[in-house]
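These are the residues of each chain, in order.
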Amino acid sequence: HATLEAFTEKVKSESNFSAAAEKLSSINKRMSRDFTRSYKDAQEIKISSNGEEKITFISCFIDGIRNRIAYDKKGNWHSTLRFYDEDAMPKDVRHLVKSNYYDYAINGVTEVKFNNKLAYVISLEGKTDWKKVKVVDGEMEVMEAFKKL
């Protein structure tokens, strides 16, 4: 039974990918080509757009990590957001954060790729406060800080 379930899941996943590729192709062929080449392992694909700026958003899971990929109206890649927990963080980024905030729990990470830059936005929780820190090129800065009441 496990083999049949695995096969059924693979077929379902592949048909989801094919349907998404077709829908993207009807919106913009360049976007469809880039997505199908760059994100071959995408699953649970959902496509939406914001009307004004003509940005197309693709929400999907790749290797168990939630992604939100954006393309502009010409079909060019715009940005990618990835959402994950501490276990999936790059070791150097985790070390930088934990060595500065060792008494804080990492509640979530948003990885942002935009304009050839890679940034990490990390939500931290301490005993008396919450912080949101940003790490870019090995530099860390506090974006927000809130006291618990």
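Before reading further, recall that the structure is shown in the block above.
Residues numbered from 1 in each chain as written. Predicted model: local features only at pLDDT ≥ 70, side-chain atom pairs only at ≥ 80, totals over all residues. Heavy atoms only, no water.

A. Structural detail: the pairing of strand β7 (residues 129-136). Residue alternation in β7 divides its side chains into a buried set, Asp129, Lys131, Val133 and Val135, and an unburied set, Trp130, Lys132, Lys134 and Val136. Here strand β6 (residues 117-125) runs beside β7; their pairing, made up of 7 bridges, is antiparallel. The partner of Ala119 across the bridge, within β7, is Val136. Hairpin remark: β6 followed by β7, antiparallel, with 3 residues in the connecting loop. The pairing of β7 with strand β8 (residues 139-147) spans 8 bridges and is antiparallel. (Buried < 20%, exposed > 50% of the residue type's maximum accessible area, 1.4 Å probe, protein only. Helix = DSSP H or I, 4+ residues; strand = E, 2+ residues; numbered from the N terminus. Pairing = 2+ DSSP bridges.)

B. Seen up close, the packing of aromatic side chains. Counting across every chain of the model gives 3 aromatic pairs. Plain terms: the ring middles of Phe17 and Phe35 are 5.9 Å apart, the flat faces sit at 25° to each other, and that makes the pair stacked. With Phe17 in helix α1 (residues 2-27) and Phe35 in helix α2 (residues 29-38), the pair connects residues that are 18 residues apart, well separated along the chain. Their ring planes at 85° and their centres at 5.4 Å tell us that Tyr101 and Tyr104 sit as a pair that is edge-to-face. (Phe/Tyr/Trp six-rings, centres within 6.5 Å; stacked < 30°, edge-to-face > 60°.)

C. A look at the environment of Ser18. Here Ser18 lies in helix α1. For Ser18, a relative accessible area of 40% puts it in the partly exposed group. It is 9.0 Å that separates the C-alpha atoms of Ser18 and Thr36, two residues lying 18 residues apart in sequence.

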